[in-house]
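Single-letter residue listing:
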Amino acid sequence: MKKWKSFMAAVLVGVMVLSLGGCGQKESSGSSGSAEAGTAESDSSGGSVGTDQTQDGKSMTVVETTALTSIDPLDAGSENIANAVANVYAGLYTLDENGNAVLDLAESVEKSDDLLTWTFTLKDAKWSNGDPVTAYDYEYAWKRIVNPDNYDGTSVSSYPTNAGIKNAKAIADGELPDTELGCHAEDDKTFVVEFDSVVPYAEEVLALPTFYPVQQKFVEECGDMFGLGKEYILCNGPFLVEDYELGNTYWSFTRNPDFVGYQSGNSNLQTLEYQLIQDSQQAMLAYTSGDVDMAGITGEQVDLYKNEAGFTQIPDSRTTYLAINCETVTNQNLRLALAHCIDKEALCDSVLKDGSSPAYTIVPSGLSVDENGKDFTEGSGKYQETDKELAAQYWETAKKEMGIDSYNMEFLITSDESAYTVGAYIQDQVQSTLDGVTVELKTVPFKSKMEYVNSGDFDFCVVSWGGDYPDPLTFLNCYITGYPINVSKWSNPDYDAIIEDVLAGVYDTSVTERFNALHEAEKIFMEDASVVVLYQGMNCMMINPKISGIEFHGIGVSEVFRNVVIAD
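Residues numbered from 1 in each chain as written. Predicted model: local features only at pLDDT ≥ 70, side-chain atom pairs only at ≥ 80, totals over all residues. Heavy atoms only, no water.

Enquirer: An account of the nonpolar core is requested, with residue identities and associated values reported.
Expert: Counting 120 residues, the largest nonpolar core has Ile71, Tyr89, Trp142, Ile165, Ile362 and Phe561 as its most contacted members. It is helix 3 (residues 135–146) that contributes the most residues to this core, seven residues altogether. Contacts of Tyr89, omitting those with residues within four sequence positions, involve Ile71, Pro73, Trp127, Tyr212, Pro213, Val214, Phe226, Ile233, Leu234, Asn236, Gly237 and Pro238. Among the nonpolar cores identified, the runner-up in size contains 34 residues, and Leu338, Tyr407, Leu434 and Phe460 belong to it. (Core = buried A, V, L, I, M, F, W, Y, C linked by side-chain atoms within 4.5 Å. Buried < 20%, exposed > 50% of the residue type's maximum accessible area, 1.4 Å probe, protein only. Helix = DSSP H or I, 4+ residues; strand = E, 2+ residues; numbered from the N terminus. Contact = heavy atoms within 4.5 Å.)

Enquirer: Outline the side chain of Glu139, listing residues and values.
Expert: On the secondary structure map, Glu139 appears in helix 3. Taking relative accessible area as the criterion, Glu139 reaches 16% and is therefore assigned buried. There is a polar contact of 2.9 Å between the side chain of Glu139 and the backbone nitrogen of Ala185. Look past the residues within four positions of Glu139 in its chain and what remains in contact with it is Cys183, His184, Ala185 and Phe191. (Polar contact = N/O pair within 3.5 Å; in protein donor to acceptor, adjacent residues only side chain to side chain.)

Enquirer: Got a sec to walk through the pattern of salt bridges? Specific residues and values, please.
Expert: One pass over the full model with this rule turns up 19 salt bridges. We note a salt bridge from Lys306 to Asp303, for which the minimum N-O separation is 3.8 Å. Through salt bridges that share partners, Glu300, Asp303, Lys306 and Lys353 make up one connected network. (Salt bridge = Lys/Arg side-chain N within 4 Å of Asp/Glu carboxyl O.)

Enquirer: Describe helix 8 (residues 280–288), naming the residues involved and giving the relevant values.
Expert: For an α-helix, 3.6 residues make a turn, and residues three or four places apart therefore share a direction. Taken together, the buried positions of helix 8 are occupied by Ser280, Ala283, Met284, Ala286 and Tyr287. Looking straight down helix 8, one finds that the buried residues subtend no more than 155 degrees of arc, so they occupy a single side. Turned more than 90 degrees off the buried face of helix 8, the exposed positions are Gln282 and Leu285. Of the residues that open helix 8, the one with a side-chain oxygen 2.8 Å from the backbone nitrogen of Gln281 is Asp279. Looking one or two residues beyond helix 8, the residue adopting positive phi is Gly290, at roughly 90 degrees. (Arc of directions from axis to C-beta.)

Enquirer: Any chance you could break down the sheet that holds strand 10 (residues 239–243) for me, citing the residues and the numbers?
Expert: For sheets, the rule is that strands pair by backbone hydrogen bonds, running either parallel or antiparallel. Ordered by their spatial adjacency, four strands build an open sheet running 3-12-11-10, and the pairing between neighbours is mixed. Bordering the open sheet on either side are strand 3 (58–64) and strand 10, each of which pairs with just one other strand. Across this sheet, the average inter-strand angle for adjacent strands is 25 degrees, counted without regard to direction. Relative to strand 12 (residues 269–276), strand 11 (residues 250–255) is paired through five bridges, and the arrangement is antiparallel. If you follow Thr254 over to strand 12, its bridge partner there is Thr271. Against the sheet, helix 2 (residues 79–88) contacts strand 3, strand 10, strand 11 and strand 12, and its axis sits at roughly 110 degrees relative to strand 10. (Pairing = 2+ DSSP bridges. Axes fitted to C-alpha atoms, helices over the stretch in contact; angles between N-to-C directions.)

Enquirer: Run through the sheet that holds strand 6 (residues 106–111), naming residues and quoting values.
Expert: On the basis of which strands lie adjacent, the open sheet formed by four strands has the order 6-7-9-8 and antiparallel pairing. Edge positions in the open sheet fall to strand 6 and strand 8 (183–187), since each of these has one partner strand only. Shown here is a sheet whose adjacent strand axes are inclined to one another by a mean of 20 degrees, direction ignored. Here strand 7 (residues 117–122) runs beside strand 9 (residues 190–194); their pairing, made up of five bridges, is antiparallel. Its bridge partner being in strand 9, Thr119 is matched across the sheet by Val192.

Enquirer: Break down the packing of aromatic side chains for me, citing the residues and quoting the values.
Expert: In the structure shown here, the tally under the stated rule is 18 aromatic pairs. Ring-pair connections join several aromatic residues into one group, and the members of that group are Tyr321, Tyr479, Trp490, Tyr495 and Phe525. For Lys111, the ring lying beneath its charged end belongs to Trp118, and the centroid distance is 4.1 Å. Here Lys382 stacks its cationic end above the ring of Tyr360, 4.6 Å away from the centre of that ring. (Phe/Tyr/Trp six-rings, centres within 6.5 Å; stacked < 30°, edge-to-face > 60°. Lys NZ or Arg CZ within 6 Å of the ring centre and 35° of its normal.)

Enquirer: Now, about the packing of helix 10 (residues 332–340) against helix 12 (residues 388–402): what can you tell me, with residues and values included?
Expert: Where helix 10 meets helix 12, the axes come as close as 8 Å, and the angle between the chain directions of the two elements is 160 degrees. One element, helix 10, and the other, helix 12, form an angle in the roughly antiparallel class. Note on packing geometry: the crossing formed by helix 10 with helix 12 is left-handed. Contact residues: helix 10 offers Asn333, Leu334, Leu336, Ala337 and His340, while helix 12 offers Lys388, Leu390, Ala391, Tyr394, Trp395, Thr397, Ala398, Glu401 and Met402. Along the lines of polarity and charge, the residues of the contact of helix 10 with helix 12 split into nine nonpolar, three polar and two charged. (Parallel < 35°, antiparallel > 145°, perpendicular 65-115°, else oblique. Left-handed = near helix turned anticlockwise from the far one by under 90°. Nonpolar A, V, L, I, M, F, W, Y, C, P; charged D, E, K, R; others polar.)

Enquirer: Help me get a handle on the packing of helix 16 (residues 493–503) against helix 17 (residues 511–528), residues and values and all.
Expert: Look at helix 16 against helix 17: their axes get within 9 Å of each other, and the N-to-C directions meet at 155 degrees. When the axis of helix 16 is compared with that of helix 17, the two are roughly antiparallel. In this structure, helix 16 meets helix 17 at a crossing whose hand is left-handed. The segment helix 16 lies against helix 17, with Asp494, Tyr495, Ile498, Ile499 and Val502 engaging Arg514, Ala517, Leu518, Glu520, Ala521, Glu522, Ile524 and Phe525. Its residues placed into classes, the contact of helix 16 with helix 17 shows nine nonpolar, no polar and four charged.

In structure tokens form, the structure reads like this:
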């Protein structure tokens, strides 16, 4: 799942700040709508009505920094939506506590000798209305993904292509009907997947929420409202929707007593509640007053709390960068001037203060290794190092090429305090280094940011991008010509050719050769400076020691709650 993230969330804590309301003291109430296994009477709303409700489960509250605009697997290209979908849906695979792909609602999988055909046998799972989850639900869901009528410029339609599923790209490009997708249900329990090529990370891709099944009859009955309210969601995951309505600042889930998917232990988390709080100071005030048990911190807060019990740093396989609009900033030397004028170390040490580290290439460390365990970034060049004199020289060359003495640029940021702080820092770095360049901060609400980005109405903006699977392609294939989330509108035929060869399996006989090809593509991309890489993130949190089992993954679903245990 290619994961968009708001600049505010990138600077604060990640996709969401967690707060655990009264953990260890707050018990779930009988009004939660949940039940012990064998006693639930499910309704078509996706909730569960219990006749013998448990009083033993614990409750926790998650403070979300971004409004939840859908709980539809089709919309799971956004990180907070993906996390919500993963609460109430489940698919063939999930990631275990160590981040490895494991079977979830699939009982078994048989792979052909050439690894191009996989046959899944499904477990006896059921939807929250009591209907069985069938292979036809998977077939319908996957064809829904690649149908070009069902997406709006997000990267979701590319996921089947990333997994190498047969005909996925041609269908997404409108060249074939979705009936030609390489997957079909042989019967209720047997789901067959065909691949164009061998993809070593296919299991991790298939663990993404976008590949979770949905029931065709229910989706069609809901129409455009599917996923936009409790009554328009049908669950088969570890939790059921208890309370959700589009536009609300509160939503909640309760434990699904009929869930048969992967569990690493016995969780006692019964009720999972979310509260929208977009101010980090308010979240920390709640934490220090004892009302919140987990909160993300950044900047000065890190200095204040880093020696306190419960302070936790979570590495993030995410790169934050400036995406430069190559349709408005067409001069390469101007882009190179921007790439060398920002002091990244000072940004990390003096502004973010959360353990983030300067980035010198687009692919983050810790994402992927070769046959010998060598990290991909060890073979990468070091690009876009801070060099203000070099930046000024590039700017002088750009002025001569463009026939100008000054230049005005529009910097798109989201309208929150933390985003403004970092935006102002970057504005100062550019203006103080490149004499004659003026940077105007254009602040917009997060919900409107992507409208501006997709329309190209900006000169540069901040993007924070996390990987979907443990391979450099999860970053590098984003910049091929015409890719939906290539927001820089950058294009290079040599780059495209390398990525297309890698996707076609030309280098699959050797991970080292494959990495060498991707390093070549990376070099082309970085030296043309359609983006300015800034830092690799680190999430800092205060976590109540009573809470254990929250899984933080660097790829795929970033936060998993199905295995949470809360001590008394």
